[in-house]
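Chain residues, written in single-letter form:
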Amino acid sequence: MVQYEVAVLTGDRLNSTTLNNVFIKLVGTDGESDRTWLMGLKGATSFVRGAVSKFKVSCPTSLGNLVLIELDKQSLPLFPEDAWFCAKVEVKSPEGDIYSFPIYRWIADSKVHRFRDGKGLGNCTKAVFQYTTFTRNPFSFFLSFLFFFIALRVFEDNHHLGRYSRQQEIQQREEDYRWDAYAEKMSHSMKAENPFSLPYEVQFSFTKTKEFLYTASTGLTELKLKGLDNCKKKWDNIDSINRVLCCKKTDISEYVHEHWKEDAFFGYQFLNGVNPMLIQLCTALPSNFPVTDDMVFPHGQCTLAHEMKKGNIFLCDYKRLDGVKANTINGKKQYLMAPLVLLHKDPHDKLMPIAIQLKQTPSDDNPIFLPTDSEYDWLIAKIFVRSADFNEHQLNVHLLRTHLLAEVFAVSLLRNVPMVHPLYKVTDVLVWKFASSGGEGMFTILQRSVSSLTYSSLCIPDDIAERGVEAVPNFYYRDDGLKVWDIIHRSVQGMLGYYYKSDREVQEDSELQKWILDIFEHGFLSQAETGIPQTFTSVTELIKFVTMVIYTCSAQHAAVNSGQFDYAGWMPNTPISLQLPPPTKKGTTSEATMLATFPDVNVTVQGMATVWLLSKQSSDFVPLGQYPEDHFTEEIPRKILKDFQTELEILSGVIKARNKHLNVPYTYMDPAVVENSVAI
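Just so it is clear, the model here is predicted, and its values are computed rather than measured.

1. Notes on the overall build of the protein
Point 1. When you go through the protein residue by residue, the secondary structure sums to 23 helices and 18 strands.
Point 2. Across the 680 residues that make up the protein, the buried fraction comes to 60%.
Point 3. Carbon and sulfur atoms form 52% of the exposed surface of the protein, whose accessible area is close to 26500 Å².

Below you can see the structure in the form of structure tokens.
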């Protein structure tokens, strides 16, 4: 008989302990051990939080090189089945070799779970841990297994064990993680009855769940808005809005409150607000936007053609919202426009709005509003644009392009959450009930957004070039985003280059090819025009796609989520709904018209409380590049990870130094405040 020394490390986090019986099987190139009950001197305390417990496993002969272990746990009659967070298992062979099996996952059932050696067959599986933490954060979780199929490429080179383990794992995952068509012409999601029916490992952490529910239930109280959430009255004066909405401020929300009427700030938000994704260079006016030189340059100082040639004219077109059926709130019809906005970069490098048309079809009752119009004609036109921007941002830029895509990437790896995730409950409140795009309109916008989704628009270098905004001054989303993309790209290149030595290895990785095909079919509905790869043909192609996934689920989400309270906390700057139609002729608006157009008091405060919830950082926040567990043992991956962290730290310092000189600091892409993944 020979003996293997086994050390089991239980994670040092809340509720990591199990009182169930734990069993292990060792699998090697020359055989496997019996399933062995891990019963040590510590007894029931062997697997408490932070414990390191040692055991012996006996075998008739050596198992050769260990390639995997099997773990399972079984409940006792007096103890119900619980969840156990196992950090790592280390095994010392009779020959003196040390094998390390990174676990870092929750085991909450009685099924058999298989884990590969950290230095051997599972190398690639670990690579993604450099980008995201594994803390029962559902969106973070899937990234931690982004290279799962990559690891199988190595594993399948090792005789029958590859087939033995892979087939069982895939069968189990197909049972646990299934696709569901939530709505017609929308990206598919994961099938589940409710959040608690999800596998334990992809549910929110205990900390995040409690904080999310607490913040959601106390948001109105914390913002001193309690009692107003049932008030269905209109706002009667701007001072009332001031008193209510200024109870809770951030530095930026206070700036917004002071400057929301200004044209320069209106233009600034297209670059550095929560929706920097719509603005594009205008080289020719759309045929349905008949702006003339006399309208925008009444003194003949220049022409549109000349300014377009110089690259100084920009367009924001909300055509996706055209014809969308608006919501009914408090029994009153709401109004959602599909504006066109023309902007001009002036000699002071400020982006100034010069023309707004609130509906897509030109007509006598659809005037083009200008800065030279009366104060409230021009202001209410900008208010309708900001309301349209809220709905475009919330459903397309934020929900679809970060959360729902994260789910697509994840479920294709059988690792993520469905539309029963708490985010969708928040969306239900914010959009379905209180936004002008709620109800039927929400699905219309999402379906149109899916149909117009492209691969290039998800890759910030391509997106910036396609929109022609490479040279726009003071575009901090672009500047910081490109730098974060490059840092992620270099790190992914190093990691994948370490594991894939040729394009052929990528092409022959059948599991990897199934992953991208799954994404193409279920996320992008098999639409080739999206540009999403259906196969990976080269290492370079794979590197770009993985970079996009990581960037989308971390930096991009931070850019379009974290500033929501900053810019929408002061409702007049970002009304979630409007309850009067836009003026059909000029000279008919006033402050009273504006106040009557704003959403009711209860709609306003519910929207404010919800964006406060979405913007609030959890206490178990983990920034991009920082990882609470040690998943790496090899020298090269450790160096790549260290370089990644160093580059992010340097960039953070550069951004902080720049922001000291800005009236409105742009912080959302600072790696120090970018969460590792879509975490809310």
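There's plenty left to go through after this.
2. Considering the UniProt feature "site: Essential for stabilizing binding to COTL1" (unreviewed entry) in the protein
Point 1. Sequence positions flagged by UniProt for "site: Essential for stabilizing binding to COTL1" (unreviewed entry) are, in local numbering, Trp106.
Point 2. Along the chain, tryptophan 106 turns up in strand 8 (residues 98-107).
Point 3. The exposure class of tryptophan 106 is buried, given its relative accessible area of 4%.

3. Overview of the pairing of strand 6 (residues 66-74)
Consecutive residues of a regular strand have side chains that alternate between opposite faces of the sheet.
Point 1. By the criterion of burial, strand 6 is predominantly enclosed, with 8 of the 9 residues buried.
Point 2. Two strands pair when backbone bridges link them, and strand 2 (residues 21-28) and strand 6 are joined in this way by 8 bridges, in the antiparallel orientation. Directly across from glycine 28, in strand 6, lies its bridge partner leucine 66.
Point 3. Pairing geometry for strand 6 and strand 9 (residues 113-116), over 4 bridges, is antiparallel.

4. Looking at the UniProt feature "binding site: Ca(2+)" (unreviewed entry) in the protein
Point 1. When the UniProt feature table is mapped to this numbering, "binding site: Ca(2+)" (unreviewed entry) covers Asp82 and Ala83.
Point 2. The residues touching aspartate 82, leaving out its near neighbours within four places in the chain, are Thr17, Thr18, Leu19, Asn20, Lys73, Ile107 and Ala108.
Point 3. If you trace the backbone, alanine 83 turns up in the loop between strand 6 and strand 7 (84-92).

5. Description of the packing of aromatic side chains
Any aromatic ring pair is given by two values, namely how distant the centres are and how the planes are angled relative to each other.
Point 1. Enumeration according to the criterion identifies 17 aromatic pairs in this entry.
Point 2. Ring centres 6.2 Å apart and planes at 15 degrees place the aromatic pair phenylalanine 265 and tyrosine 567 in the stacked group. Taken together, the residues phenylalanine 265 in helix 8 (residues 263-272) and tyrosine 567 in helix 20 (residues 564-568) connect sequence positions 302 residues apart. By the burial criterion, phenylalanine 265 is buried, and tyrosine 567 matches it.
Point 3. Geometrically, the ring pair formed by tryptophan 485 and tyrosine 551 is edge-to-face, given 5.5 Å between the ring centres and 65 degrees between the ring planes. Of this pair, tryptophan 485 sits in helix 16 (residues 476-499) while tyrosine 551 sits in helix 19 (residues 539-561); the two residues are 66 residues apart in sequence, bridging distant segments of the chain. Accessibility classification places tryptophan 485 together with tyrosine 551 in one group, the buried group.
Point 4. Looking at arginine 35, its charged tip hangs above the ring of phenylalanine 23, at a distance of 3.8 Å from the centre.
Point 5. Just above the ring of tyrosine 455 sits the side chain of lysine 544; from NZ or CZ to the centre is 5.5 Å.

6. Section: the packing of helix 15 (residues 460-467) against helix 16
Point 1. Helix 16 packs onto helix 15 with a crossing angle of 145 degrees between their chain directions and a minimal axis gap of 9 Å. Facing helix 15, whose interface residues are Ile460, Pro461, Ile464 and Arg467, helix 16 presents Tyr477, Arg478, Gly481, Leu482 and Trp485.
Point 2. When grouped by side-chain class, the residues that make up the contact of helix 15 with helix 16 number 6 nonpolar, 1 polar and 2 charged.

7. What to know about the confidence of the model for the protein
Point 1. For the protein, the average pLDDT comes to 83, and 79% of its residues sit at 70 or higher.
Point 2. Segment residues 120-164: pLDDT under 50, and 177 contacts once partners within four positions in sequence are set aside and those in other chains are kept.
Point 3. Here residues 415-432 scores under 50 on pLDDT; set against residues more than four positions off or in separate chains, the count is 85 contacts.

8. Things to note about the packing of helix 8 against helix 11 (residues 375-411)
Packed helices, taken two at a time, are described by their axes: the angle between them and the distance between them.
Point 1. Between helix 8 and helix 11, the shortest axis-to-axis distance is 12 Å and the interhelical angle comes to 15 degrees. In terms of orientation, helix 8 and helix 11 fall into the roughly parallel class. Helix 11 is crossed by helix 8, and the crossing has left-handed handedness. From helix 8, Asp263, Phe266, Gln269 and Phe270 reach across to helix 11, where they touch Trp378, Lys382, Val385, Arg386 and Asp389.
Point 2. Here the contact of helix 8 with helix 11 is built from residues that sort into 4 nonpolar, 1 polar and 4 charged.

9. Notes on the nonpolar core
Point 1. One finds Phe545 and Phe598 to be the most contacted residues of the largest nonpolar core, which totals 121 residues.
Point 2. If one sorts the elements of this core by residue count, helix 11 sits on top with 18 residues.
Point 3. Contacts of phenylalanine 545, omitting those with residues within four sequence positions, involve Phe409, Tyr455, Trp515, Ile516, Ile519, Ile532, Pro533 and Phe536.
Point 4. Residues Tyr4, Val8, Cys86 and Tyr99 belong to the second largest nonpolar core, which totals 24 residues.

10. Some points on the sheet that holds strand 18 (residues 368-369)
In any sheet, the strands associate via hydrogen bonds between backbone groups, in a parallel or an antiparallel arrangement.
Point 1. Here 5 strands make up an open sheet; going across it, the order is 12-13-16-17-18 and the pairing antiparallel. With one partner strand each, in any of the chains shown, strand 12 (280-281) and strand 18 form the two edges of the open sheet.
Point 2. Summarising the sheet, strand 16 (residues 340-345) and strand 17 (residues 351-357) pair through 6 bridges and their orientation is antiparallel. Paired with leucine 343 across the bridge in strand 17 is proline 353.
Point 3. Against the sheet, helix 8 touches strand 13 (313-317), strand 16 and strand 17, its axis set at about 90 degrees to strand 17.

11. Quick look at the pattern of salt bridges
Point 1. Using the criterion set out here, one finds 23 salt bridges in the structure.
Point 2. Residue aspartate 82 pairs with lysine 73 through a salt bridge whose shortest N-O separation is 3.6 Å.
Point 3. Owing to a relative accessible area of 0%, lysine 73 belongs among the buried residues under this scheme.
Point 4. For glutamate 90, the salt bridge goes to lysine 88, with nearest N and O atoms at 3.4 Å.
Point 5. Lysine 88 sits in the buried class, given a relative accessible area of 17%.

12. Details of a nonpolar patch on the surface
Point 1. A contiguous nonpolar patch, built from Leu19, Leu78 and Phe79 and spanning about 310 Å² of accessible area, is present on the exposed surface.
Point 2. Following the sequence through the fold, leucine 19 ends up in the loop between strand 1 (2-10) and strand 2.

13. Side note on unusual backbone geometry
Point 1. Even without a glycine there, the phi angle at tyrosine 104 is positive, about 45 degrees.
Point 2. Among the structural elements, tyrosine 104 can be located in strand 8.
Point 3. Of the residues examined, tyrosine 104 reaches a relative accessible area of 7% and is grouped as buried.

14. With respect to the environment of glycine 43
Point 1. Here glycine 43 shows up in the loop between strand 4 (36-37) and strand 5 (52-59).
Point 2. When its relative accessible area of 22% is taken as the criterion, glycine 43 is described as partly exposed.

15. A word on the sheet that holds strand 5
Point 1. Taken together, 4 strands build an open sheet; the order of strands is 5-1-7-8 and the sheet is antiparallel. In this open sheet, the two strands that pair with only one neighbour each are strand 5 and strand 8. Adjacent strand axes in the sheet meet at a mean angle of 20 degrees when their direction is disregarded.
Point 2. Looking at chain direction, strand 1 and strand 7 are connected through 6 bridges and run antiparallel. Opposite glutamate 5, over in strand 7, you have lysine 92 as the bridge partner.

16. Topic: the side chain of glutamine 513
Point 1. Along the chain, glutamine 513 falls in helix 18 (residues 510-523).
Point 2. There is a polar contact of 2.9 Å between the side chain of glutamine 513 and the backbone oxygen of valine 506.
Point 3. In this structure, glutamine 513 is in contact with Val506, Gln507, Gln534, Thr535 and Phe536, ignoring residues within four places of it in sequence.

So, how was this worked out
Residues numbered from 1 in each chain as written. Predicted model: local features only at pLDDT ≥ 70, side-chain atom pairs only at ≥ 80, totals over all residues. Heavy atoms only, no water. Helix = DSSP H or I, 4+ residues; strand = E, 2+ residues; numbered from the N terminus. Buried < 20%, exposed > 50% of the residue type's maximum accessible area, 1.4 Å probe, protein only. Areas by Shrake-Rupley, 256 points an atom, 1.4 Å probe, with all protein chains shown as cover. UniProt positions renumbered as here; feature names shortened; annotations may be inferred. Pairing = 2+ DSSP bridges. Contact = heavy atoms within 4.5 Å. Phe/Tyr/Trp six-rings, centres within 6.5 Å; stacked < 30°, edge-to-face > 60°. Lys NZ or Arg CZ within 6 Å of the ring centre and 35° of its normal. Axes fitted to C-alpha atoms, helices over the stretch in contact; angles between N-to-C directions. Nonpolar A, V, L, I, M, F, W, Y, C, P; charged D, E, K, R; others polar. pLDDT = per-residue confidence, 0-100. Parallel < 35°, antiparallel > 145°, perpendicular 65-115°, else oblique. Left-handed = near helix turned anticlockwise from the far one by under 90°. Core = buried A, V, L, I, M, F, W, Y, C linked by side-chain atoms within 4.5 Å. Salt bridge = Lys/Arg side-chain N within 4 Å of Asp/Glu carboxyl O. Patch = residues over 30% accessible without salt bridge, like charges linked within 9 Å, V, L, I, M, F, W, Y side chains within 5 Å. Polar contact = N/O pair within 3.5 Å; in protein donor to acceptor, adjacent residues only side chain to side chain.

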